[in-house]
Amino acid sequence: MEQLSLFQSVIEEQQTKFQLMDRVKVILIDEAIDSEAHHYRKFYEPFVIHKVGEITNICINKKHGVTYEVDIYGIKYLFLEEELVWIG
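About the thresholds
Residues numbered from 1 in each chain as written. Predicted model: local features only at pLDDT ≥ 70, side-chain atom pairs only at ≥ 80, totals over all residues. Heavy atoms only, no water. Phe/Tyr/Trp six-rings, centres within 6.5 Å; stacked < 30°, edge-to-face > 60°. Buried < 20%, exposed > 50% of the residue type's maximum accessible area, 1.4 Å probe, protein only. Pairing = 2+ DSSP bridges. Helix = DSSP H or I, 4+ residues; strand = E, 2+ residues; numbered from the N terminus. Patch = residues over 30% accessible without salt bridge, like charges linked within 9 Å, V, L, I, M, F, W, Y side chains within 5 Å. Areas by Shrake-Rupley, 256 points an atom, 1.4 Å probe, with all protein chains shown as cover. Salt bridge = Lys/Arg side-chain N within 4 Å of Asp/Glu carboxyl O. Axes fitted to C-alpha atoms, helices over the stretch in contact; angles between N-to-C directions. Core = buried A, V, L, I, M, F, W, Y, C linked by side-chain atoms within 4.5 Å. pLDDT = per-residue confidence, 0-100.

Asker: Quick question: what am I supposed to make of the packing of aromatic side chains here?
Answerer: Between two aromatic rings, the relevant description is the distance of the centres plus the angle of the planes. A complete count under the given rule lists four aromatic pairs for this structure. Between Tyr-77 and Phe-79, the ring centres sit 6.2 Å apart and the planes meet at 45°, which makes this aromatic pair tilted. In this structure Tyr-77 comes out as buried when scored by relative accessible area, which is 13%. Here the aromatic cluster, defined as three or more aromatic residues joined through ring pairs, consists of Phe-47, Tyr-77 and Phe-79.

Asker: Sorry, what's going on with the pairing of strand 3 (residues 65-72) here?
Answerer: Side chains on a regular strand alternate between the two faces of the sheet. Relative to strand 3, strand 2 (residues 52-61) runs antiparallel, the two being bridged by seven bridges. Residue pairing for strand 3: Ile-58 is matched across the bridge by Tyr-68. Linking two consecutive strands that pair antiparallel, namely strand 2 and strand 3, is a turn of three residues. Relative to strand 4 (residues 75-80), strand 3 runs antiparallel, the two sharing six bridges. Pairing of Val-70 across the sheet is with Tyr-77, part of strand 4.

Asker: Could you clarify how one ought to interpret a nonpolar patch on the surface in this entry?
Answerer: On the surface, a nonpolar cluster with roughly 390 Å² of combined accessible area is contributed by Tyr-40, Phe-43 and Tyr-44. The residue Tyr-44 is located in helix 2 (residues 35-44) in this model.

Asker: What should I look at first to understand the sheet that holds strand 1 (residues 23-26) in this one?
Answerer: Paired through backbone hydrogen bonds, the strands of a sheet run either parallel or antiparallel to each other. Read across the open sheet, the five strands follow the order 4-3-2-1-5; overall the sheet is antiparallel. With partners counted over all chains shown, the strands left at the sheet margins are strand 4 and strand 5 (84-86), one partner each. Across the sheet, the mean angle separating the axes of adjacent strands is 45° when strand polarity is ignored. Bridge count for strand 1 against strand 2 is three bridges, and the pairing is antiparallel. Bridging from a neighbouring strand, Val-24 pairs with Gly-53 of strand 2.

Asker: Looking at this structure, how should I read the nonpolar core?
Answerer: Within soluble globular proteins, side chains that are nonpolar generally end up buried alongside one another. Phe-18, Val-24, Val-26, Val-48, Ile-55, Val-66, Tyr-68, Val-70, Ile-72, Tyr-77, Phe-79 and Leu-84 form the largest nonpolar core, which has 12 residues in total. Listed by contribution, the elements that provide at least two residues to this core are strand 1, strand 3 and strand 4. Sorting elements by how many residues they give to this core places strand 3 first, with four residues.

Asker: So what exactly am I meant to see when it comes to the confidence of the model for the protein here?
Answerer: Note that predicted coordinates carrying low pLDDT should not be read in detail. With 84% of its residues at a pLDDT of at least 70, the protein reaches an overall mean of 88. Ranking the elements of the protein by mean pLDDT puts helix 1 (residues 6-13) last, at 52, and strand 1 first, at 98.

Here is the structure:
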């Protein structure tokens, strides 16, 4: 029997929508879903909207949920799960 740490049990409980190396497209989420993320992408990073990238890391956090590190043209950005669409 293997001993689990607190961090391992949290990771096992949280299901992720995407996996490492998945190709995803970035979308601008509705302001009603997350107004902070919506405005940040719209005004500070509009150039990543509708771009395709590859998931390089998955960060699971109780407070913020699941965030994904996505590589777009060699630069890594963090996105919420709702900001991404799987394309294969």
